[in-house]
Amino acid sequence: MKITVMPGDGIGPEVTAQAVKVLQAVVGGGQAMELAYADIGAAGIEAAGDPLPVATREIARKADAILFGAAGMPGDEAIPFMMRPGASLLRLRKELGLFANFRPAFLFPELIGASTLKPEVIEGLDLLILRELTGDVYFGEPRGTGVNAAGEREAFNTMRYSEPEVERIAHVAFRTARMRHRKLCSVDKANVLEVMQLWREVVTRVGAEYPDVELTHLFVDAAAMQLMRAPKQFDVIVTGNIFGDILSDAAAMLTGSIGMLPSASMAAGTFGLYEPVHGTAPDIAGKNLANPLAAILSMAMMLRFSFGQAANAERVEQAVRRVLADGLRTGDIFQPGSTRVGTEEMGAAVVAALDKA
Ligand code: IPM
Ligand code: MG
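Residues numbered from 1 in each chain as written. Chains lettered and ligands numbered in written order. Predicted model: local features only at pLDDT ≥ 70, side-chain atom pairs only at ≥ 80, totals over all residues. Heavy atoms only, no water.

Moving on, we get to the overall build of the protein chain. Broken down by element type, the protein chain carries 12 helices and 14 strands. For 357 residues, the compact-globule estimate of 2.2 N^0.38 gives 21 Å, and the protein chain sits close to it at 20 Å. The principal-axis extent of the C-alpha atoms belonging to the protein chain is close to 60 × 50 × 40 Å. Looking at the protein chain as a whole, 52% of its 357 residues qualify as buried. Considering only residue pairs separated by 6 or more positions, the protein chain has 74% of its internal contacts joining residues 24 or more positions apart. (Helix = DSSP H or I, 4+ residues; strand = E, 2+ residues; numbered from the N terminus. Rg over C-alpha atoms; globule rule 2.2 N^0.38 Å. Buried < 20%, exposed > 50% of the residue type's maximum accessible area, 1.4 Å probe, protein only. Contact = heavy atoms within 4.5 Å.)

Listed below in structure tokens is the structure:
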């Protein structure tokens, strides 16, 4: 198991350290595991003058999987795109062909009170957003800023998808739905955008190969509303890059805290980058306050997707449930009556719970 660890910025290093701690405990000494550390984001600029240093790219290519913390820093927008710490992740996704982004939103029963939604709306919630990650307006050309014919400053980006790009994410979506409850909702904006008409057409055509999966379509505005109104109607949602970015943050809040949510960004085979959804959280960085459970659960996804270790992945997930059932909470999921713990204590508790689970 060759794993590249990219702790990155903000709370990234703290939560990643806990994920590595749990990884070492669950895999044990029996399996050969090679961990290599690489700089990314502001940490990359500091080490090598580039948010995605050449050395980091080389280490990443040699790995079977990447454990990623977070990248970015306040004021990022002011820096040119290629040098921006936050953009290092976008470059990495593109360079490594990580086109399929799995973002599960799963409610741990113990956290039902932490959500802002009524318990009956979210009880038993278990949905998955599959976000296309290397196309769309994020990468579409042309893009830029300039001056229009009237002499006014303007800026533009291009929403773009090719047929093969939609096809390959659609196949992943249908195969994923097959492993779950066989329901797939494709989210687009086909009522307004040509690119989304193509999206709908291609997803529908691919769907003919999966007659056992129930396919529905929603426009993204309606999907946002339905996610808040009745989220349990969804099993798998497949959507483009920018709609997936937005909807997955909304879905995260259904589960109480974005601090709980893992993700996997997969290339065509078993190579993947595993990352908590939450980001750098600079306001609490370095204070032992961050919730490491999203990073730990991302590591469990790595065991399952890149290394075929479903049993170990389950042990980790059970251990997380166990610490929640024992009432341990970081600040983001704290509820009166529970026990407040820091990042390190939470990681240690998960390690201890591995044996009890
Ligand atoms: C995400 C993040 C990134 C994105 C940012 C940090 C570039 O919001 O992974 O959802 O927009 O994809
Ligand atoms: Mg986002």
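Bringing the sheet that holds strand β11 (residues 264-266) into the picture now. With respect to topology, 10 strands assemble into an open sheet ordered β2-β1-β3-β12-β11-β4-β5-β10-β8-β9, the strand pairing being mixed. The strands lining the two open edges of the sheet, one partner per strand, are β2 (34-37) and β9 (214-219). On average, each strand axis in the sheet is inclined to that of its neighbour by 20 degrees, with strand direction left out of account. With three bridges connecting them, β11 and strand β12 (residues 272-274) associate as antiparallel partners. Within β12, the residue paired with S265 across the bridge is L273. (Pairing = 2+ DSSP bridges. Axes fitted to C-alpha atoms, helices over the stretch in contact; angles between N-to-C directions.)

Once that is clear, we can look at the layout of surface pockets. Considered as a void within the structure, the largest pocket measures approximately 980 Å³ in volume. Lining the largest pocket are 30 residues, with F102, L128, M301, R304 and F305 positioned closest to its centre. For the lining of the largest pocket, the secondary structure elements donating two or more residues are β4 (100-106), β5 (126-132), α6 (163-178), α10 (293-305) and α11 (310-325). When its residues are assigned to classes, the lining of the largest pocket shows 18 nonpolar, five polar and seven charged. Approximately 630 Å³ is the volume attributed to the second largest pocket. Along the wall of the second largest pocket there are 28 residues; nearest its centre are A71, G86, L89, R93 and D245. Looking at the lining of the second largest pocket, the elements that each hand over two or more residues are β3 (65-70), α4 (87-95) and α9 (241-254). With four residues, the top contributor of residues to the lining of the second largest pocket is α4. Partitioned by chemical class, the residues of the lining of the second largest pocket number 12 nonpolar, seven polar and nine charged. (1 Å grid on protein atoms, 1.4 Å probe; cavity = no way out; pocket = protein on both sides within 12 Å on 5 of 7 lines; lining within 4 Å. Points joined across faces, edges and corners; volume = space filled by probe spheres on them. Nonpolar A, V, L, I, M, F, W, Y, C, P; charged D, E, K, R; others polar.)

The next thing to look at is the pattern of salt bridges. Tallied over the entire structure, the rule returns 18 salt bridges. With a shortest N-O distance of 2.9 Å, R180 and D235 are connected by a salt bridge. One end of the pair, R180, is in the loop between α6 and β8 (183-188); the other, D235, is in the loop between α8 (220-229) and β10 (236-239), with 55 residues separating them in the sequence. For D235, a relative accessible area of 4% corresponds to the buried category. For E317, the salt bridge is made with R304, and the minimal N-O distance between the two is 2.9 Å. A residue pair is termed long-range when its members are at least 10 positions apart, and E317 in helix α11 and R304 in helix α10 qualify at 13 residues. Accessibility expressed as a relative area gives 28% for R304, which makes it partly exposed. Linked by salt bridges that have partners in common, D50, R57, R61, R91 and E95 make up one network. (Salt bridge = Lys/Arg side-chain N within 4 Å of Asp/Glu carboxyl O.)

So, on to the pairing of β4. For a regular strand, side chains alternate in direction, first toward one face of the sheet and then toward the other. By the criterion of burial, β4 is predominantly enclosed, with six of the seven residues buried. Relative to β5, β4 runs antiparallel, the two sharing seven bridges. Bridging from a neighbouring strand, R103 pairs with I129 of β5.

The next subject is the domain arrangement of the protein chain. Domain annotation of the protein chain identifies domain 1 (1-99 + 267-357) and domain 2 (106-145 + 155-257). Each of domain 1 and domain 2 has a C-alpha centre, and these two points are 24 Å apart. Taken together, the links from domain 1 to domain 2 amount to one salt bridge. Two residues, E110 and R321, come together in a salt bridge whose shortest N-O distance is 3.6 Å. Along the contact surface separating domain 1 from domain 2 lie four residue pairs in polar contact (both at pLDDT 80 or more). Mapped by element, the contributors of at least two residues to the side of domain 1 that touches domain 2 are α4 and α11. A total of four residues in the side of domain 1 that touches domain 2 trace back to one element, the largest contributor, which is α11. Within the side of domain 1 that touches domain 2, the residues separate by chemical class into 10 nonpolar, two polar and five charged. (Domains from an automatic or database assignment. Polar contact = N/O pair within 3.5 Å; in protein donor to acceptor, adjacent residues only side chain to side chain.)

On to the environment of V166, then. With respect to the helices and strands, V166 occurs in helix α6. Once the C-alpha coordinates of V166 and E201 are considered, the two residues, 35 residues apart in sequence, prove to be 9.6 Å apart. If near-sequence neighbours (up to four positions away) are discounted, V166 is found in contact with Y161, W199, V202 and V203.

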